[in-house]
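# Fold and geometry: a report
Single-letter residue listing:
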There are 4 protein chains.
Amino acid sequence: MARTIGSHGPRTMEAIRKAGLKLIYEHGFEAMSLRQLAAEVGIQVGSLYNHISTKEDLLYDLIRTHMDELFLQFDAAMAAVDGQGPEERLRAFVAFHVTYHIVRKREVFIGASELRSLEPNHYEDIVSLRRRYERRLIDILDQGEAAGLFRCGDAHVAAYGILSMLTGVCTWFRPHGRLTKEQVIAMYSDQVLGGLMGPRGP
Amino acid sequence: MARTIGSHGPRTMEAIRKAGLKLIYEHGFEAMSLRQLAAEVGIQVGSLYNHISTKEDLLYDLIRTHMDELFLQFDAAMAAVDGQGPEERLRAFVAFHVTYHIVRKREVFIGASELRSLEPNHYEDIVSLRRRYERRLIDILDQGEAAGLFRCGDAHVAAYGILSMLTGVCTWFRPHGRLTKEQVIAMYSDQVLGGLMGPRGP
Amino acid sequence: MARTIGSHGPRTMEAIRKAGLKLIYEHGFEAMSLRQLAAEVGIQVGSLYNHISTKEDLLYDLIRTHMDELFLQFDAAMAAVDGQGPEERLRAFVAFHVTYHIVRKREVFIGASELRSLEPNHYEDIVSLRRRYERRLIDILDQGEAAGLFRCGDAHVAAYGILSMLTGVCTWFRPHGRLTKEQVIAMYSDQVLGGLMGPRGP
Amino acid sequence: MARTIGSHGPRTMEAIRKAGLKLIYEHGFEAMSLRQLAAEVGIQVGSLYNHISTKEDLLYDLIRTHMDELFLQFDAAMAAVDGQGPEERLRAFVAFHVTYHIVRKREVFIGASELRSLEPNHYEDIVSLRRRYERRLIDILDQGEAAGLFRCGDAHVAAYGILSMLTGVCTWFRPHGRLTKEQVIAMYSDQVLGGLMGPRGP
DNA sequence: GATGAATGAGAATTCATTCAT
DNA sequence: TATGAATGAATTCTCATTCAT
């Protein structure tokens, strides 16, 4: 007998993506079995293959979609400070990055920790998108440096440091914890700005 | 850990640890098979069990050893600034943390990304060590805050941010890259100190 | 066979038979998947079942059709030498068999090598048709033996040998190769006739 | 718990080869599952992989071993007629080929019908051995033709015909059937020799 | 200590087939 | 008739682990 009633094609695919996101986040991509995934979705293992072509392909799909969304939301967020100075733009970047990494913490975590499991082509694709995103921050730092506002030392290294610091929130931030998202953003904005504009060492 | 006394026993165990470190770093713990490991060491799979009791046990051994080493070296490094002020101690912390994370980048990476694969007991053990290490930094921040030197907002969150930023070096730092380790330490020291002592936002 | 009446039904069924013939010849029946078959035809897998009832059923249909055609053409070919002597009839048999096995090499190949995959009933059906065909040759040999023309030793065994020899052409004959079909027929006629009428061993 | 008592390594491998030969002959390579094979041997499926590296590899091993044996026995058989004339050598060839194809009918059958399932490299390897074997017969025919004894028409085509005829015995010969192996050899020797030395067509 | 052969569970993937739309 | 999504059993192969030798 075929087909349980309900759950049409697109709906099933959406369920697979959702379940995949959850399970990969919780157990890691290698550790997640398609058995688990199918069970979570409520279909048979073989039925997965009506929607995905490969386990790796699901991973790529999730990460790629996340990267696309990242750029989409980034552009929207930065549009609000278009034409403004490097300080305002850096503050906007911090606010956006922290927000996105809190709201999409699972996508973000997977997108950073499971790259190893991508096929070479897919790997290259994602890595180049990540570089392009880093570049966005580096550009802001360069502008700030050019304007005599920031002292970065090295814009690339400063950017890596800032990104690492901000991205960390997806690890420890708890929605109803001691601090609100806004407080964290305020703190980290000060810390980042202070780091680039503050006093130099001994 | 199943360290067995014998003729070339310790030597073999050391080879297993070395190979395990390499393979787990390269492929991830789940993705590394004991067959690969045995091949890398140059023995048969079955022989591994004369030295380890479990695959998971090897992972725990590697991480635990790394944590012990971390504390050992931390204590040695901080002894040099014993009795000095928070700023000197924070600079010493930055220097130590960056150095360790560059030199032991594989241990550090595994110790952060493969915790998921530990048994509950082992997991708790390592996580509490990590918390204890974080605590060391938080203490410095607290002292700086108490002394009116630092404005952290929230010492825990500030510490997480600093740790994330500094730990990032194990991902991107290349020994013969554009910047030396010392330059990176100088930059990040300024950035961290500036972040805590610099101007506040709008 | 599940030939369904309809608009482009027969055309689709013909396409399925053609594609099936090709794929089974190339990969073997077990190795051919219905997915491959559907793709070759240009429809979806499920749609195949509007035309066939079973994978095995398609195989039987192909082989059975081939056997029917074999007898049809055999009768037509032998009608031309009706009433003539065993030698002429044997030459006609050789010419017919070689021709058919060159022209229909895929059907012939499948009809010999994929019998194993037929259901018991279908298997019996085809095997009995094959025996009936062999019988046609044995009859000719018997007549030649009775007429004092041939010395077969054992008509069955002689027939098996002749059939094997002639059937072999479907394996190695290439349409534009060194020899024409007519040359092969001439050679093999001589060889077969010589074998039955030639000198006896030591 | 590991290992059932008995059945050491080489013995197990021999059992696998024997069971593989039987099952592939009976069901075909594609249709034989490793489940079946393991069950026939009396071990678990996974244990097969202590002895073979791949299902295809087992097939290659069986066929390659058969080809090696074929040449070994061929050389031994032909040594007995070394230095004799083409007629004696052809009779020896017929006797050898028929005998081998009766005694090793399963190896022979597999070696002809399952080539499709070999990897390209393995396929090439076996096909070239088969060509080399055909060459042995062609050489005899060429010598007979040169000596004015045989009229082949085309030595290659004649050889293919002879090989097909003789090889056929592995399909229909039954050890305790109507004819003994010796009778079949005698008949086919006459038929082959007659075919090459007998009268030419109309 | 090392080896090689075993286990049994589990991996991803493919298969023929069904059927509501 | 065709489609797409489902089933459930089967496929080859890999895994960590055990243990007699």
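Everything numeric in this text was worked out from a predicted model, so none of it was measured.

### Quick notes on the overall build of chain A
Regarding its fold elements, chain A presents nine helices and zero strands. Along chain A, helices and strands appear, N-terminal first, in the series α-α-α-α-α-α-α-α-α. For chain A, the residues scored as buried account for 47% of the 202 residues in total. Sequence-distant contacts in chain A: of pairs separated by 6 or more residues, those separated by 24 or more amount to 68%. Approximately 9,900 Å² of chain A is accessible, and the part contributed by carbon and sulfur atoms is 52%. Between the mean site of the 24 positive side-chain charges and the mean site of the 25 negative ones, chain A shows a separation of 6 Å.

### A look at the domain arrangement of chain A
All names here are of chain A. Per the domain assignment, the segments of chain A are domain 1 (1–52) and domain 2 (54–197). A C-alpha centroid distance of 30 Å is found between domain 1 and domain 2. Taken together, the 16 residues of domain 1 in the interface contact 16 residues of domain 2. When domain 1 packs against domain 2, close to 1,600 Å² is buried across both sides, 70% of that on carbon and sulfur atoms.

### Things to note about the nonpolar core
Ranked by internal contacts, the top residues of the largest apolar core, which has 132 residues, are Leu141(C), Tyr188(C), Leu37(D), Leu141(D) and Tyr188(D). Residues within four places of Leu141(D) in sequence aside, it is in contact with Leu90(D), Phe150(D), Cys152(D), Ala155(D), Ala158(D), Ala159(D), Ile162(D) and Leu196(D). Counting residues in hydrophobic clusters, the runner-up holds 131 residues, among them Ile102(A), Ile140(B), Val157(B) and Ile185(B).

### Here's the deal with the interface of chain D and chain C
Facing 38 residues of chain D, the contacting portion of chain C comprises 38 residues. Remark: the boundary between chain D and chain C carries four salt bridges. With its nearest N and O atoms 3.6 Å apart, the salt bridge here joins Glu114(D) to Arg116(C). Across the chain D-chain C interface, the total number found is eight residue pairs in polar contact (both at pLDDT 80 or more). Sorting the residues of the side of chain D that touches chain C by element identifies helix H1 (9–27), helix H7 (155–167) and helix H9 (181–197) of chain D as the ones contributing at least two each. In terms of residues, the side of chain D that touches chain C owes the most to one element, H7(D), which gives eight residues.

### Looking at the arrangement of the chains
Note that chain B does not reach chain C: the shortest distance linking a C-alpha of one to a C-alpha of the other is 31 Å. Separated in space, chain B and chain D share no contact, their closest pair of C-alpha atoms being 12 Å apart.

### Looking at the packing of aromatic side chains
A complete count under the given rule lists 40 aromatic pairs over all chains for this structure. Consider the rings of Phe93(B) and Tyr133(B), whose centres lie 5.8 Å apart with planes at 35°: the pair is tilted. Note that Phe93(B) is positioned in helix H5 (residues 86–103) and Tyr133(B) in helix H7 (residues 120–146), a separation of 40 residues in sequence. Neither Phe93(B) nor Tyr133(B) differs from the other in exposure class; each is buried. In this structure an aromatic cluster arises from ring pairing among Phe71(A), Phe74(A), Phe93(A), Phe96(A), Tyr100(A) and Tyr133(A). Over the ring of Phe29(B) we find Lys55(B), and its NZ or CZ is 4.5 Å from the ring centre.

### Let's talk about the relation of the copies chain B and chain A
You can overlay chain B on chain A at an RMSD of 0.1 Å; the transform is a turn of 180° with a shift of 0.1 Å along its axis. The two molecules are tied by a two-fold rotation axis, judged by turn and shift.

### Examining the UniProt feature "domain: HTH tetR-type" (unreviewed entry) in chain A
Under the UniProt annotation, "domain: HTH tetR-type" (unreviewed entry) lies at residues 10–70 of chain A. As annotated, residues 10–70 of chain A comprises 69% helix and 0% strand, and the C-alpha atoms at either end are separated by 23 Å.

### Considering the interface of chain B and chain A
Counting from both sides, the interface comprises 38 residues of chain B and, opposite them, 38 residues of chain A. For the pair chain B and chain A, the two sides together bury roughly 2,900 Å², of which 62% comes from carbon and sulfur. Broken down residue by residue, the surface that chain B buries against chain A is led by Arg116(B), Val157(B) and Gln191(B), which jointly contribute 20%. On the surface where chain B and chain A come into contact, there are four salt bridges. In this structure, the salt-bridge partner of Arg178(A) is Asp154(B), at a minimum N-O distance of 2.2 Å. Of all the elements, helix H8 (residues 155–167) of chain B adds the most residues to the side of chain B that touches chain A, at eight residues. Residue composition of the side of chain B that touches chain A, by class: 17 nonpolar, twelve polar and nine charged.

### With respect to the relation of the copies chain D and chain C
Rotating chain D by 180° and translating it 0.1 Å along the rotation axis places it on chain C, where the RMSD comes to 0.1 Å. Here 100% of the interface residues in chain D have copies in chain C that are interface residues too; the copies meet face to matching face.

### Section: the pattern of salt bridges
A full pass over the atoms with the stated rule returns 50 salt bridges over all chains. A cluster of three or more residues bridged by salt bridges with shared partners is formed by Glu14(A), Arg17(A) and Asp61(A).

### Remarks on the UniProt feature "DNA-binding region" (unreviewed entry) in chain A
Taking the UniProt record as the reference, the feature "DNA-binding region" (unreviewed entry) is found at residues 33–52 of chain A. Strand forms 0% of residues 33–52 of chain A and helix 40%; the C-alpha atoms that close the span are 14 Å apart.

Rules and cut-offs
Residues numbered from 1 in each chain as written. Chains lettered and ligands numbered in written order. Predicted model: local features only at pLDDT ≥ 70, side-chain atom pairs only at ≥ 80, totals over all residues. Heavy atoms only, no water. Helix = DSSP H or I, 4+ residues; strand = E, 2+ residues; numbered from the N terminus. Buried < 20%, exposed > 50% of the residue type's maximum accessible area, 1.4 Å probe, protein only. Contact = heavy atoms within 4.5 Å. Areas by Shrake-Rupley, 256 points an atom, 1.4 Å probe, with all protein chains shown as cover. Lys, Arg positive; Asp, Glu negative; His and termini not counted. Charge placed at Lys NZ, Arg CZ, Asp CG, Glu CD. Domains from an automatic or database assignment. Buried area = accessible area lost by both parts, 1.4 Å probe. Core = buried A, V, L, I, M, F, W, Y, C linked by side-chain atoms within 4.5 Å. Salt bridge = Lys/Arg side-chain N within 4 Å of Asp/Glu carboxyl O. Polar contact = N/O pair within 3.5 Å; in protein donor to acceptor, adjacent residues only side chain to side chain. Phe/Tyr/Trp six-rings, centres within 6.5 Å; stacked < 30°, edge-to-face > 60°. Lys NZ or Arg CZ within 6 Å of the ring centre and 35° of its normal. Least-squares fit on C-alpha atoms with pLDDT ≥ 70 in both. UniProt positions renumbered as here; feature names shortened; annotations may be inferred. Nonpolar A, V, L, I, M, F, W, Y, C, P; charged D, E, K, R; others polar.

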